[in-house]
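# Secondary and tertiary structure notes
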Amino acid sequence: MENKILEQLIIKGCCIDPYYLASLSSVFSKEYFDNPVAGKVYNFISEHFNEYKNIPQKAIIISEFDTSTSTEVSDFLNDVDNMEFNYTKNYDYLYNKTNDYLKEKAIKKAILSSVDIINKKEDIVNIRRFVEDALSKDLKIDLGINYFNSLNERLPRLMGPGDIRVPTGFPTFDERINGGFPPY
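Residues numbered from 1 in each chain as written. Predicted model: local features only at pLDDT ≥ 70, side-chain atom pairs only at ≥ 80, totals over all residues. Heavy atoms only, no water.

### Structural notes on the overall build of the protein
Secondary structure assignment for the protein yields nine helices and zero strands. Mapped in sequence order, the helices and strands of the protein form the string α-α-α-α-α-α-α-α-α. For the protein, the proportion of its 184 residues judged to be buried stands at 35%. Taking contacts inside the protein between residues at least 6 apart in sequence as the whole, the part at least 24 apart equals 57%. Of the roughly 12,300 Å² of accessible surface on the protein, 54% is carried by carbon and sulfur atoms. (Helix = DSSP H or I, 4+ residues; strand = E, 2+ residues; numbered from the N terminus. Buried < 20%, exposed > 50% of the residue type's maximum accessible area, 1.4 Å probe, protein only. Contact = heavy atoms within 4.5 Å. Areas by Shrake-Rupley, 256 points an atom, 1.4 Å probe, with all protein chains shown as cover.)

Printed below as a string of structure tokens:
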């Protein structure tokens, strides 16, 4: 998919879905957009959302820019509104494409920043920080909070016979839990 269209779809998603916008706002940056107007619009929407906890209306977005820029913003938002894209049916597709775009742009920005550091003869340790930060950009981070969803996998491991068991000191209880608790 062409970046121009994807950027418009990302803005469209941000204008429609607060959950999509919330997932982007913590990792996405206006510098990732090739179209500077899209970057400015995204930045305003994201800042507004973080401050007021809602998505700004189109008129509010346009009114925040000076008259020379507001025409470009208005035209851009009209193009976004006129896109034929069923957001609900294609949410997973857009989310995956956005994630790929995020990773691509983050590593590109890290590499360009690294070149600047080398050219300016600054501390090259910062390159590692830029690259590590870029490689960690992902919308699909599993925080491991599916404790109850993985219960069927954990119980046999915990309750099954194991080589090493730590006794509780209560023989009846130890017998019920196969000799004690597993280590750790």
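### Observations regarding the packing of helix 2 (residues 18-25) against helix 6 (residues 91-119)
Contact geometry of helix 2 with helix 6 gives a least axis separation of 12 Å together with a crossing angle of 10°. Here helix 2 lies roughly parallel to helix 6, going by the angle between them. Relative to helix 6, helix 2 is oriented so that their crossing is right-handed. The segment helix 2 lies against helix 6, with Tyr-20, Ser-23 and Leu-24 engaging Tyr-91, Leu-94, Tyr-95 and Thr-98. (Axes fitted to C-alpha atoms, helices over the stretch in contact; angles between N-to-C directions. Parallel < 35°, antiparallel > 145°, perpendicular 65-115°, else oblique. Left-handed = near helix turned anticlockwise from the far one by under 90°.)

### So, the pattern of salt bridges
Summed over the entire model, instances satisfying the criterion amount to six salt bridges. Between Asp-81 and Lys-58 there is a salt bridge; the shortest N-O distance is 3.1 Å. Taken together, the residues Asp-81 in helix 5 (residues 67-81) and Lys-58 in helix 4 (residues 58-63) connect sequence positions 23 residues apart. Accessibility expressed as a relative area gives 45% for Asp-81, which makes it partly exposed. With a relative accessible area of 31%, Lys-58 lands in the partly exposed category. (Salt bridge = Lys/Arg side-chain N within 4 Å of Asp/Glu carboxyl O.)

### Some thoughts on helix 3 (residues 36-52)
Taking 1.5 Å per residue, 17 residues should reach 24 Å; helix 3 reaches 24 Å between its end C-alpha atoms and fits that length. Inspection of helix 3 places Val-37, Ala-38, Gly-39, Val-41, Tyr-42, Phe-44, Ile-45, Ser-46, His-48 and Phe-49 among the buried residues, and these make up the whole buried set. In the core, the buried residues of helix 3 are packed alongside helix 1 (3-16), helix 2, helix 4 and helix 5. For helix 3, the N-terminal capping position is held by Asn-35, with its side-chain oxygen 2.9 Å away from the main-chain nitrogen of Val-37. Directly beyond the C-terminal end of helix 3, a positive phi value near 65° is found at Lys-53. (Expected span 1.5 Å × (residues − 1). Polar contact = N/O pair within 3.5 Å; in protein donor to acceptor, adjacent residues only side chain to side chain.)

### So, the packing of aromatic side chains
Applying the stated criterion to the full structure yields 10 aromatic pairs. Centroid distance Tyr-87 to Tyr-91: 5.7 Å. Interplanar angle 80°. Geometry classified as edge-to-face. By relative accessible area, Tyr-87 is classed as buried at 9%. For Tyr-91, a relative accessible area of 24% corresponds to the partly exposed category. The lysine or arginine in question, Arg-129, covers the ring of Phe-130, its NZ or CZ lying 4.9 Å from the ring centre. (Phe/Tyr/Trp six-rings, centres within 6.5 Å; stacked < 30°, edge-to-face > 60°. Lys NZ or Arg CZ within 6 Å of the ring centre and 35° of its normal.)

### Looking at the environment of Leu-24
Tracing the chain through its elements places Leu-24 in helix 2. The spacing of Leu-24 and Leu-139 is 115 residues in sequence and 7.1 Å in space, taken between C-alpha atoms. Residues contacting Leu-24, with those up to four places away along its chain left out, are Ile-10, Cys-14, Tyr-42, Thr-98 and Leu-139.

### Here we look at the side chain of Lys-105
Following the sequence through the fold, Lys-105 ends up in helix 6. Owing to a relative accessible area of 5%, Lys-105 belongs among the buried residues under this scheme. Not counting the four nearest positions on each side in its chain, Lys-105 is found in contact with Asn-3, Tyr-32 and Asp-34.

### Quick word on the packing of helix 3 against helix 5
Where helix 3 meets helix 5, the axes come as close as 10 Å, and the angle between the chain directions of the two elements is 90°. Looking at the two axes, helix 3 sits roughly perpendicular to helix 5. Facing helix 3, whose interface residues are Val-37, Ala-38, Lys-40 and Val-41, helix 5 presents Thr-69, Glu-72, Val-73, Phe-76 and Leu-77.

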